[in-house]
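# Summary of structural features
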Amino acid sequence: MPVFTIASLLYGVFLISSGVYRYFLSGSKNALWFGMIMGTFALLACFLSLKKNSNLPYYIQLVVIVFVGGFFTKKILGDIEGDSFLRVISLIIFSIIMAILTGLALKNKKT
């Protein structure tokens, strides 16, 4: 199984579990839905990447990375009050890793 597929699976599960964790910690329904939707799209990219002839999973994953990475980067630069610093940093780092892996997968796909 390709590295992108495994990383997308882990990223999707991490996003969903992060949203669920935040919901149980503070009752934030927005965090729950954000985690569920973004995680589901990351998992969709994972399963679509098993089809070798499409670039769609990479583009879906890039959209997820932009939303998740952008939101939490904005959050850490602004107001992180009431949120777990470790959770936010881990989401940013995982988004950066996924961006690198997605870029490499797209590059290898085109050549």
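Look up a bit, the structure's there.
The following refers to the structure shown. The shown structure was predicted, so the numbers you read here are calculated from the model rather than taken from an experiment.

Turning our attention to the nonpolar core. Judged by nonpolar contacts, the single largest core of 18 residues is most densely connected at Tyr 11, Leu 15, Val 64, Val 68, Phe 72 and Met 98. The element contributing the most residues to this core is helix 4 (residues 85-110), with 7 residues. Val 68 has contacts with Tyr 11, Leu 15, Phe 34, Met 38 and Ser 95, leaving out every residue within four places of it along the chain.

As a further point, take the packing of helix 1 (residues 3-26) against helix 3 (residues 56-77). At their nearest, the axes of helix 1 and helix 3 sit 12 Å apart, and the two run at 35 degrees to each other. Like other packed secondary-structure pairs, helix 1 and helix 3 cross with a definite hand, here left-handed. Together, Phe 4, Ser 8, Tyr 11 and Leu 15 of helix 1 and Pro 57, Tyr 58, Gln 61, Val 64, Ile 65 and Val 68 of helix 3 make up the contact between the two elements. Split by residue class, the contact of helix 1 with helix 3 holds 8 nonpolar, 2 polar and no charged.

Let's shift gears to a nonpolar patch on the surface. A cluster of nonpolar side chains, namely Trp 33, Met 36, Ile 37, Phe 41 and Leu 44, defines an oily patch on the protein surface of about 480 Å² accessible area. By secondary structure assignment, the location of Leu 44 is in helix 2 (residues 29-48). On the basis of relative accessible area, Leu 44 is assigned to the partly exposed category, the value being 36%.

Turning next to the packing of aromatic side chains. In total, this model carries 7 aromatic pairs according to the counting rule given. A centroid spacing of 4.7 Å and a plane angle of 50 degrees characterise the contact between Phe 4 and Tyr 58, whose relative ring orientation is tilted. Taken together, the residues Phe 4 in helix 1 and Tyr 58 in helix 3 connect sequence positions 54 residues apart. The exposure classification of Phe 4 matches that of Tyr 58, with both residues buried. Ring centres of Phe 34 and Phe 71 lie 5.3 Å apart, and the angle between their planes is 45 degrees; on these two criteria the pair is classed as tilted. Remark: Phe 71 occurs in helix 3 and Phe 34 occurs in helix 2; sequence separation between them is 37 residues. Residue Phe 34 is classed as partly exposed on the basis of its relative accessible area of 26%.

This next bit is on the environment of Ser 17. Mapped onto the elements of the fold, Ser 17 is located in helix 1. Take Ser 17: its relative accessible area is 37%, and that puts it in the partly exposed class. With 19 residues separating them along the chain, Ser 17 and Met 36 place their C-alpha atoms 8.3 Å apart. Within the structure, the side chain of Ser 17 is placed 3.0 Å from the backbone oxygen of Phe 14, a separation counted as a polar contact.

Analysis parameters
Residues numbered from 1 in each chain as written. Predicted model: local features only at pLDDT ≥ 70, side-chain atom pairs only at ≥ 80, totals over all residues. Heavy atoms only, no water. Core = buried A, V, L, I, M, F, W, Y, C linked by side-chain atoms within 4.5 Å. Buried < 20%, exposed > 50% of the residue type's maximum accessible area, 1.4 Å probe, protein only. Helix = DSSP H or I, 4+ residues; strand = E, 2+ residues; numbered from the N terminus. Contact = heavy atoms within 4.5 Å. Axes fitted to C-alpha atoms, helices over the stretch in contact; angles between N-to-C directions. Left-handed = near helix turned anticlockwise from the far one by under 90°. Nonpolar A, V, L, I, M, F, W, Y, C, P; charged D, E, K, R; others polar. Patch = residues over 30% accessible without salt bridge, like charges linked within 9 Å, V, L, I, M, F, W, Y side chains within 5 Å. Areas by Shrake-Rupley, 256 points an atom, 1.4 Å probe, with all protein chains shown as cover. Salt bridge = Lys/Arg side-chain N within 4 Å of Asp/Glu carboxyl O. Phe/Tyr/Trp six-rings, centres within 6.5 Å; stacked < 30°, edge-to-face > 60°. Polar contact = N/O pair within 3.5 Å; in protein donor to acceptor, adjacent residues only side chain to side chain.

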